[in-house]
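Survey of secondary and tertiary structure
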Amino acid sequence: MDQATPLIEARAVSKAFFGNPVLKGVGIALRPGRVHALLGENGAGKSTLINLLSGALQPDDGEILIDGKPVARLTPASARAAGIAVVQQELSLAAELSIAENIGLGAAPRRFGMIDYGALSRRAAEICGLVGITEPLDLPVGELSLGRRQMVEIAKALFRQPRILILDEPTSSLSAHEVAILSGLVRTLAARGIAILYISHRLNEVQSLCSHVTVLKDGVVTADQSLAEVDAEGLVRLMVGRDPGEVFPPRGTPSGGEELIDIEGFSAGMVHDVSLRARAGEIVGIGGLVGQGQEDFMLGLYGAIDASARRAMIGGRPGPFAHVRAANAAGLAYVPADRKKEGLVLPHSIASNLLLPSLGTLMKHGMRDRAAEAGLVARLAERLTIKGDTSRAVQALSGGNQQKVALAKWLPLVPRVLLLNDPTRGVDVGTKREIYHMLRSFADEGKLILLISSDTPELVHLCDRVVVFREGAVAAELPREAISEEAIVGAAMGLGAKDRAA
Amino acid sequence: MKGASFTERLLRNPPLLTFLLVALVWIVASLTLRGFGAYGHLRYILELSAVIGIVAAGQTLVILLGGIDLSVGAVITVTAILLPLISPDWDPTGLVGIALALLIAAAIGFMNGVGQAFLKVPAIIMTLAMATFLQGLLILVAGGSAVSVTNKAVILLGSARPAGVPAGIILWIVVSFVVLLLIHRLPIGARLLALGANPLAARLSGVDVNRNSLIGYTLSGFFAGLAGMLLLGMNRQGYVGIGDPYLMTSIAAVVLGGTSILGGRGTYAGTIPGAILLVTTTALITVVNASAGWRSVMFGSLILALLLVSGREARR
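Residues numbered from 1 in each chain as written. Chains lettered and ligands numbered in written order. Predicted model: local features only at pLDDT ≥ 70, side-chain atom pairs only at ≥ 80, totals over all residues.

Another point: the sheet that holds strand β25 (residues 473–479) of chain A. Residues and elements named next belong to chain A. Spatially, β19-β22-β23-β15-β24-β25 is the arrangement adopted by the six strands of the open sheet, whose pairing is mixed. Each edge of the sheet is formed by a strand with only one pairing partner; in this case those strands are β19 (332–335) and β25. Along the sheet, successive strands turn relative to each other by an average axial angle of 15°, direction set aside. Where strand β24 (residues 465–470) lies against β25, six bridges are found, and the strand directions are antiparallel. (Pairing = 2+ DSSP bridges. Helix = DSSP H or I, 4+ residues; strand = E, 2+ residues; numbered from the N terminus. Axes fitted to C-alpha atoms, helices over the stretch in contact; angles between N-to-C directions.)

Structure follows, in structure tokens:
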């Protein structure tokens, strides 16, 4: 099948932005019926390549062929006409419109020049059945969780009956259950002869789904081969360009440190009646399907949303906290999942972002001590290996480095409890590894780390204990010996621990 | 190559760009228009700029934090009318009246902040409603007639020229110093900027949104009051509508100085030349013998043109 004419092919394409080469003579060929993985660290040029293939950008050099014929100038419209559909990492749905309207947006069937809502809902329902969307189709998309919106995005791409489907990190906000549906769907589509380009940072997914891989590193192709010939470590080596070492740090022995969280009957947002005790030196994972109250739980602890509790001692102070500053004073720090919207002030410099939480602590004669601030920024940048000029806007950094800034800015306050909401989403393997080792060293220093994660291996291999949320309550609390992907997914899906033990 | 990088740096530094623009206009006008370059005339331009500059100080803070204050014109009028009425006769210095008037101005700003922070009324609506309310109240209080000032301190402020420098300009220099310090050397400045650029991220980073909004709007009211006082001193009379021209000009000065109207980016260092540029262009338009209607049309177009030329609002 590999010998069939590629549906779309890029030959020796190059692209530079403001003189910085992003792609240098890259080639890729998507063949019918093949699931093709595209791997690379953040900043390797994956997004640029996708934009070239979908007509959003024009190559500076090289050519793009569709069905073996060179295309002079691929535009988004001609790419759509050629059957290319892209599911972007950043969702592009209109929150006010219904699921069906979003799916049909721009391609809705018409009758007498008006949208034929009957035909639209019939076809949308068909596709929703395929991707496992069970919500009523007239529900506004804004009411769906991030993971469900991602599924709608995929349905929207399928609505146009593409021949070439590009999935850019489709699973980064999906639950295990949704990932399983998507995997099945990808296989079905490939069997129908659709060419699929699959971008993901999750190597186990790539290995189970894809048959061919292209690896990008610094804008050049370092591998274009069948996936059968290479194992996970080999892939990481190709992406990183060096031996990756252990991705997950070894776990220490639990030291039985000071109890930093002791809550009983804690409720916040959709979370109700949660009890949890956690000690300094622990990494406590919080798992579950997406949107089961994990985030509300953290925001409630952090004083960012209203919370109540029968009993709550957090960071040695009586809680729950009425506002964020009280939580900060008790030694809590929160790193949000959406670093662009919630974690960072994107247009501001790296330095001002790093200084924001500790403003007012470095003062001289009643004014900000510029020299001390510069020293602090330099130390933080060094400790977290944030390279380059810290007066650049933080939006110029890659996702992984942005995440490091979002984490680093709290360190000057010496937090004792770190609340981390999916800190490695969309972060490349090299930076993930750095973050894991950093978190372990924080725990060894005597901090308590609460970690929400949508990446199950992370919960299994990094955490000392995992709490699984389901419908706003704790479905299971797994001690270290009991942590496994099956146990976490099982509890998340509502299977009781006893059922599985039997 | 070096020249290109210089131009680039210049374009990325709106305060400097505006300063150079002012200098250019002054030089060209001085060479072509008789009397424009006279010391007395330039000093007069700066004196007029001081009023705008002081109102725009508060406006800069509020715009930086992501809001806008549409009540500054009304606050100026309130101060200019109330100050003569509330200055007590037993105080020969007039300082008590000044303190009272500034207190009222700051309290109006504080109420704007409360509406915005706690009642969650959008800044545009809150401050516009406040302006309308105040204008109605003034008509009831002052009954439409002009009020003459007898307050000694205010008259002094409007007329004294220690070492040839008008007191209003000295007041502006002090205000500039304080506001620049506030923005660049005090934590609140960085907090206002963070708030304006991303309120959610700022809140999750431990910035007290309500407290900082309150401070911003209160300061805006205070500076508008200060400007109203200076204007009263220069004019010797307060009347309904005296502050009206300063709403538009204060916002224009802020934006001309390169501060983003969306908040989160900018500095008062740009507002200063922005204010001077506005007064200079008004002076130039006056030289051209046009009717009041045409002057207004020209002034509006000029502001628009200046903003387009400097291409300030970078896309986000």
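Picking up after the structure, the text goes on.
Let us now look at the interface of chain A and chain B. Counting residues at the interface gives 22 residues for chain A and 20 residues for chain B. Of the residues that constitute the side of chain A that touches chain B, the class distribution is 13 nonpolar, five polar and four charged. (Contact = placed C-beta atoms within 7 Å. Nonpolar A, V, L, I, M, F, W, Y, C, P; charged D, E, K, R; others polar.)

This part is about the pairing of strand β11 (residues 212–217) of chain A. Along β11(A), five of the six residues are buried, which leaves the element largely enclosed by surrounding structure. Between β11(A) and strand β12 (residues 220–226) of chain A, which pair antiparallel in sequence order, lie two residues; one of them, A:Asp218, sits at a positive phi of approximately 50°. (Buried ≥ 20, exposed ≤ 12 C-beta atoms within 10 Å, placed from the backbone.)

This brings us to helix α4 (residues 72–86) of chain B. Helix length check: α4(B), at 15 residues, gives a terminal C-alpha distance of 20 Å against a target of 21 Å (1.5 Å per residue), a fit within 8%. Counting buried positions along α4(B) gives 13 out of 15 residues, so the element sits mostly inside the fold. (Expected span 1.5 Å × (residues − 1).)

All names here are of chain B. Remark: helix α3 (residues 39–64) packs on helix α11 (residues 209–235), axes separated minimally by 8 Å, with the N-to-C direction vectors making an angle of 175°. Our classification of the angle between α3 and α11 gives roughly antiparallel. Residues Ala50, Val51, Ile54, Val55, Ala57, Gly58, Gln59, Leu61 and Val62 of α3 form the contact with α11, whose own contacting residues are Gly216, Tyr217, Leu219, Ser220, Gly221, Phe222, Phe223, Ala224, Leu226, Ala227, Leu230 and Leu231. Per-class residue counts for the contact of α3 with α11 are 16 nonpolar, five polar and no charged. (Parallel < 35°, antiparallel > 145°, perpendicular 65-115°, else oblique.)

Attention shifts here to the domain arrangement of chain A. All names here are of chain A. As assigned here, chain A comprises domain 1 (8–240), domain 2 (246–331 + 415–502) and domain 3 (339–413). Put simply, the middle of domain 2 and the middle of domain 3, counted by C-alpha atoms, are 26 Å apart. Counting residues at the interface gives eight residues for domain 2, matched by seven residues for domain 3. The residue inventory of the side of domain 2 that touches domain 3, partitioned by class, reads three nonpolar, three polar and two charged. (Domains from an automatic or database assignment.)

A separate point is unusual backbone geometry. The backbone of A:Asp67 shows a phi angle near 55°, a positive value even though the residue is not glycine. With respect to the helices, strands and loops of the structure, A:Asp67 is situated in the loop between β4 (61–66) and β5 (69–71). Backbone geometry places B:Lys120, a non-glycine residue, at a positive phi of 55°. Structurally, the position occupied by B:Lys120 is in the loop between α5 (95–117) and α6 (123–142).

Turning our attention to the nonpolar core. By size, the foremost hydrophobic cluster in this structure holds 247 residues, and its most contacted members are A:Ala155, A:Leu419, A:Ile449, B:Ile54, B:Val55, B:Ala227 and B:Leu230. No other element matches α11(B), which puts 14 residues into this core. Among all residues touching B:Ala227, those that are not within four sequence positions of it are B:Val51, B:Ile54, B:Val55, B:Ile76 and B:Tyr246. (Core = buried A, V, L, I, M, F, W, Y, C linked by C-beta atoms within 7 Å.)

Let us now look at the pairing of strand β3 (residues 35–39) of chain A. Residue and element names in this part refer to chain A. With respect to burial, β3 is a largely interior element, five of its five residues being buried. Sheet topology places β3 next to strand β10 (residues 195–199); four bridges connect them, and they run parallel. Following the sheet pairing, Val35 is matched in β10 by Ile196.

Moving on: the packing of helix α12 (residues 245–256) of chain B against helix α13 (residues 268–287) of chain B. All names here are of chain B. In contact at an axis separation of 7 Å, α12 and α13 are set at 125° when each is read in the N-to-C sense. If you check the angle between α12 and α13, you find them oblique. Seen along the crossing, α12 lies across α13 with a hand that is right-handed. Along the contact surface, α12 presents Thr249, Ala252, Ala253, Val254 and Leu256, while α13 presents Thr271, Gly274, Ala275, Leu277 and Leu278. (Left-handed = near helix turned anticlockwise from the far one by under 90°.)

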